[in-house]
Amino acid sequence: MAKLQDIITSRVRVKLLELFLGQPEQIFYIREATRLTGEEINAVRRELLKLTEDGVLYCENRGNRQYYGASKKYLFFPELQQMVFKETGLGKKILRLRRKLGSLEYVVLTPAFFNHEKKNDGLDLLIIGEVVVPELELLLKEEEKSLGREINFTIFDEKEFKFRKQRRDPFIMEVLYGKRIMIIGDEEAFADKGQFV
């Protein structure tokens, strides 16, 4: 399976992209980013400067520190974030354990998940397909520990998903018309508006 490092050859840059795009609401100062990536400070400083010059990150001064954050205005922000979520955390685990989890047609993360909302009553994860629920629950329990909160998920088989889509079910419409990160499945087929009657 292809990895982010296959197209971005700097290991430090990959780690920084995972840090910033994996937590797009957070900002970090240089020493903090160095500690969290486990890389040398000069290499981190160099990559932060390059990513800021390219517009991937933004920089702001607070007191005597420079803080960096993910720039949502960056042209390829959604695509880069999707790549990061497929390669880290829950997305990576789902892809790695895909066969064990059943026959998955679509796996979708919603903004409640990828914006790291701590208090969340909404949906984090939507799965379409035939799912081995005990395996999924085991995986999610592990991820919940690291997140420090519950992951809200819903499973539909393909027939139920198509039925709800045709009926313009508000729950499904919110996912179809909202922001999302596709971990498994074709984006166009998932959101195919031609299926509406």
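A brief look at the structure comes next. This is a predicted model, so every value here is computed, not measured. (Residues numbered from 1 in each chain as written. Predicted model: local features only at pLDDT ≥ 70, side-chain atom pairs only at ≥ 80, totals over all residues. Heavy atoms only, no water.)

## Thoughts on the overall build of the chain
Within the chain one finds 12 helices and seven strands. Against the globule reference of 16 Å for 197 residues, the chain gives a C-alpha radius of gyration of 18 Å, in line with a compact fold. With the principal axes as the frame, the chain shows a C-alpha extent of 55 × 35 × 35 Å. A buried classification covers 44% of the 197 residues belonging to the chain. (Helix = DSSP H or I, 4+ residues; strand = E, 2+ residues; numbered from the N terminus. Rg over C-alpha atoms; globule rule 2.2 N^0.38 Å. Buried < 20%, exposed > 50% of the residue type's maximum accessible area, 1.4 Å probe, protein only.)

## Focus: the sheet that holds strand S7 (residues 181-184)
Read across the sheet, four strands follow the order S6-S5-S4-S7 without closing on themselves; strand pairing throughout is mixed. The sheet terminates laterally at strand S6 (153-156) and S7, the two strands that pair on one side only. Neighbour-to-neighbour, the strand axes of the sheet open up by a mean angle of 20°, direction not taken into account. As judged from the three bridges shared by strand S4 (residues 102-109) and S7, these two strands associate in the antiparallel manner. In the sheet register, Leu109 faces S7, and the bridge partner there is Ile181. Against the sheet, helix H5 (residues 77-87) makes contact with S4 and S7, and its axis sits at roughly 40° relative to S7, the strand it touches most. (Pairing = 2+ DSSP bridges. Axes fitted to C-alpha atoms, helices over the stretch in contact; angles between N-to-C directions. Contact = heavy atoms within 4.5 Å.)

## Structural notes on the packing of helix H2 (residues 11-22) against helix H3 (residues 30-37)
Viewed as axis vectors pointing N to C, H2 and H3 meet at an angle of 110°, and their least axial separation amounts to 10 Å. Judged on the interaxial angle alone, H3 and H2 are roughly perpendicular. Facing H2, whose interface residues are Lys15, Leu16 and Leu19, H3 presents Ala33, Leu36 and Thr37. (Parallel < 35°, antiparallel > 145°, perpendicular 65-115°, else oblique.)

## Observations concerning the side chain of Gln81
Mapped onto the elements of the fold, Gln81 is located in helix H5. Once residues lying within four places of it in the same chain are set aside, the contact partners of Gln81 are Leu21, Pro24, Phe114 and Ile181.

## A look at the pairing of strand S5 (residues 125-131)
Extensive coverage of S5 is indicated by the burial of six of its seven residues. Bridge count for S4 against S5 is seven bridges, and the pairing is antiparallel. Counterpart to Ser103 in the pairing with S5 is Glu130. As paired strands, S5 and S6 are joined by four bridges and run parallel to one another. Considered in S6, the bridge of Ile128 is made with Phe156. The parallel pair S5 and S6, bridged by helix H9 (residues 133-147), forms a crossover whose chirality is right-handed. (Right-handed = clockwise from strand over helix to strand, strands pointing away.)

## A few points about the packing of aromatic side chains
All chains considered together, the criterion is met by eight aromatic pairs. On the basis of an interplanar angle of 70° and a centroid distance of 6.3 Å, the ring pair of Phe85 and Phe113 is categorised as edge-to-face. Of this pair, Phe85 sits in helix H5 while Phe113 sits in helix H8 (residues 111-114), and the two are 28 residues apart along the sequence. You'll find Phe85 and Phe113 in the same group, each marked buried. Taking the ring centre of Tyr67 as reference, the NZ or CZ of Arg62 above it sits at 5.7 Å. (Phe/Tyr/Trp six-rings, centres within 6.5 Å; stacked < 30°, edge-to-face > 60°. Lys NZ or Arg CZ within 6 Å of the ring centre and 35° of its normal.)

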